[in-house]
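Residue-level listing of the chains:
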Amino acid sequence: AVQGDPAILELPSWSTTLGMPVAANPYGLPSRYERALQRRESPGLTRVGGSSVSFTPLQGLFGIITPSGLHFERHHQGWHDVDPARHRLMINGLVKTQAVFTMDDIMRLPSVSRIHFIECGANTGMEWGNVAVPTVQYSHGMLSCSEFTGVPLKEILDMCGADYKKGRYVLAEGADGSSMTRTIPMELIESGEVLVAYGMNGEMLRPENGYPLRLVVPGVQGVSWVKWLRRIEVGDQPWASKDEAVHYIDLMPDGQHRQYSSIQECKSVITTPSGGQLLLDKGFYNISGLAWSGRGKVTRVDVSTDGGINWRQARLETPVLSKASTRFNIDWVWDGKPAILQSRAVDDSGYVQPGYGQLRAARGTRSIYHNNAIQSWKVVESGEVSNVQVL
Ligand code: MTE
């Protein structure tokens, strides 16, 4: 601070007056000084807000948990605040006893709480061909990580006497107008990881995120995390519903489409410094970011500040959890010269996050889903940071 700093010499009102009473905000809100940190729609991306996406402001978050009010939203047909008293979950198909559960029925069952990331398969989807968006919020903000509470779907299927021999798939259906139906392989459910969840970050789900009930399918692309979950059908083959046959398929370089590529492969991104931010001066910076893998735990993140020539190993902050976001940090002393910042993650299956050259060689440039390429942020002498691609 400068000499004679009024912030020290003059007493502010908060040191000389009575503060606000308790419960002035019965449900707490962030400081008014943090109002710029918001979910945002990417300008021009979609024509109607009811079938759109709002992105999480990753550049302003710490640790791994996404505050519920900043969890990204993706709706195909808008969201509703569904009355939990009128919501039902029906189980049918290859089961001994078909059943209908009320929310009260579900909330009496033994529950578990688990921290997982959810990433839309279309995250970073605008960048397949070239740089398209300026900030990490728009390039990677269809990613959130929360603690989800609910009942393993396996428990509910056991109660209904599911035929696990013939019934190798389930269909999950949402109660909104989008007819959202997704096939989930029974192996995932038998692992006990798939949850019928009502809780998120210690409270009930937010309406935008599927209140009062959604499916949690760790490691799998967001579209399978069916919101406002109303029906589970056990069947003997994949359904090839519209969101599996026409959407959420990968256009390959040979012109064919690949179906049922559901797992979100290992990926990472530096969240600060990132596109649209400004470095004030040369000197010390903490480079910070997130890494995640739909196959398990992140085991290592390397960071380059020279566009991929040299790499240094970043610190993984605890907790490092399976199929959850992992925070990494690394020290950096900026010499004031142009730099290109990149991160590259590795998971416990040994998979290494690919560069754009490698990814495009396998997948081409006209796909939408599953872009997990290494992200590059360019820093110029003025300190401005922008989105670039390095092959
Ligand atoms: N479930 C229903 N019923 N309707 C939807 O539109 N969108 C899906 C999925 N589940 C959707 C849905 C998609 S594409 C994604 S990426 C995730 O929900 C987004 O979850 P979120 O809005 O909680 O971030």
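Below you will find a few notes about this structure.

Reading the values: the criteria
- Residues numbered from 1 in each chain as written.
- Predicted model: local features only at pLDDT ≥ 70, side-chain atom pairs only at ≥ 80, totals over all residues.
- Heavy atoms only, no water.
- Helix = DSSP H or I, 4+ residues; strand = E, 2+ residues; numbered from the N terminus.
- Rg over C-alpha atoms; globule rule 2.2 N^0.38 Å.
- Buried < 20%, exposed > 50% of the residue type's maximum accessible area, 1.4 Å probe, protein only.
- Contact = heavy atoms within 4.5 Å.
- Areas by Shrake-Rupley, 256 points an atom, 1.4 Å probe, with all protein chains shown as cover.
- Lys, Arg positive; Asp, Glu negative; His and termini not counted.
- Charge placed at Lys NZ, Arg CZ, Asp CG, Glu CD.
- Pairing = 2+ DSSP bridges.
- Axes fitted to C-alpha atoms, helices over the stretch in contact; angles between N-to-C directions.
- Near = heavy atom within 4 Å.
- Polar contact = N/O pair within 3.5 Å; in protein donor to acceptor, adjacent residues only side chain to side chain.
- Nonpolar A, V, L, I, M, F, W, Y, C, P; charged D, E, K, R; others polar.
- Core = buried A, V, L, I, M, F, W, Y, C linked by side-chain atoms within 4.5 Å.
- Salt bridge = Lys/Arg side-chain N within 4 Å of Asp/Glu carboxyl O.

**Digging into the overall build of the protein**
Helix and strand content of the protein: 8 helices and 23 strands. Its C-alpha atoms give the protein a radius of gyration of 23 Å, near enough to 21 Å, the size a compact globule of 391 residues would have. Its C-alpha atoms give the protein principal-axis dimensions of roughly 75 × 65 × 40 Å. Across the 391 residues of the protein, 50% fall into the buried class. Taking contacts inside the protein between residues at least 6 apart in sequence as the whole, the part at least 24 apart equals 70%. Of the roughly 18,500 Å² of accessible surface on the protein, 53% is carried by carbon and sulfur atoms. Charged side chains in the protein number 38 positive and 39 negative. The centres of these two groups are separated by 3 Å.

**Comments concerning the sheet that holds strand E3 (residues 88-93)**
Strand order in the open sheet made by the 5 strands is E4-E3-E12-E7-E8, with mixed pairing throughout. Here the strands that pair on one side only, and so sit at the sheet edges, are strand E4 (99-102) and strand E8 (181-185). Neighbour to neighbour, the strand axes of the sheet diverge by 20 degrees on average, direction disregarded. Bridge analysis of strand E7 (residues 169-174) against strand E12 (residues 229-235) gives 6 bridges, and the strand direction is antiparallel. If you follow Tyr169 over to E12, its bridge partner there is Gly235.

**Some remarks on the sheet that holds strand E20 (residues 326-334)**
In space, the 4 strands of this open sheet follow the order E15-E16-E20-E19, with antiparallel pairing throughout. The sheet terminates laterally at strand E15 (267-272) and strand E19 (315-316), the two strands that pair on one side only. In the sheet, E15 pairs with strand E16 (residues 283-292) via 5 bridges, with the strands oriented antiparallel. In the sheet register, Thr272 faces E16, and the bridge partner there is Ser288.

**Here's the deal with unusual backbone geometry**
The omega angle of the peptide bond from Thr272 to Pro273 is -5 degrees, so this bond is cis rather than trans. For Pro273, the location among the structural elements is in the loop between E15 and E16. For the bond from Thr318 to Pro319, the omega torsion is 0 degrees, close enough to zero to count as cis. You can see Pro319 is positioned in the loop between E19 and E20. Residues other than glycine seldom take positive phi values, yet Trp228 does so here, at roughly 50 degrees. Position of Trp228 relative to the elements: it lies in the loop between strand E11 (214-216) and E12. By relative accessible area, which is 3% here, Trp228 ends up buried. Phi at Ala240 is positive, roughly 50 degrees, even though this residue is not glycine. Examined against the element boundaries, Ala240 turns out to sit in the loop between E12 and helix H7 (242-245). Judged by relative accessible area, which is 40%, Ala240 ranks as partly exposed.

**A word on the side chain of His116**
For His116, the location among the structural elements is in strand E5 (residues 112-119). Residue His116 is classed as buried on the basis of its relative accessible area, which comes to 7%. Beyond its immediate chain neighbours, meaning those up to four positions away, His116 contacts Ser144, Cys145, Ser146, Phe148, Pro218, Trp225, Ser322, Lys323 and Ala324.

**Here's the deal with the site of the ligand**
The local shell around the ligand holds 22 residues, among which Phe72, Asp176, Asn209, Arg214 and Lys227 are the closest. Separating an oxygen atom of the ligand from a side-chain N or O atom of Lys227 is a distance of 2.5 Å. Summarising the interface, the protein chains cover 100% of the accessible area of the ligand, which totals 520 Å² for the free molecule. Here the shell around the ligand gets 3 residues from one element, more than from any other, and that element is strand E2 (residues 73-75). Residues of the shell around the ligand, tallied by class, amount to 9 nonpolar, 7 polar and 6 charged.

**Things to note about the nonpolar core**
Counting residues in each nonpolar core, the largest one holds 51 residues, and the members touching the most others are Leu89, Leu153, Leu157, Leu215 and Ile232. When residues in this core are grouped by element, the largest group, 5 residues, is from strand E9 (residues 195-200). Discounting residues that sit within four places of it in the chain, Leu153 has contacts with Val170, Ile189, Val194, Leu195, Val196, Leu215 and Ile232.

**Quick word on the pattern of salt bridges**
Across all of its chains, the model carries 18 salt bridges by this definition. The partner of Glu173 in a salt bridge is Arg230, with the nearest N and O atoms 2.9 Å apart. Taken as a pair, Glu173 in strand E7 and Arg230 in strand E12 lie far apart in primary sequence, 57 residues in all. By relative accessible area, which is 14% here, Glu173 ends up buried.

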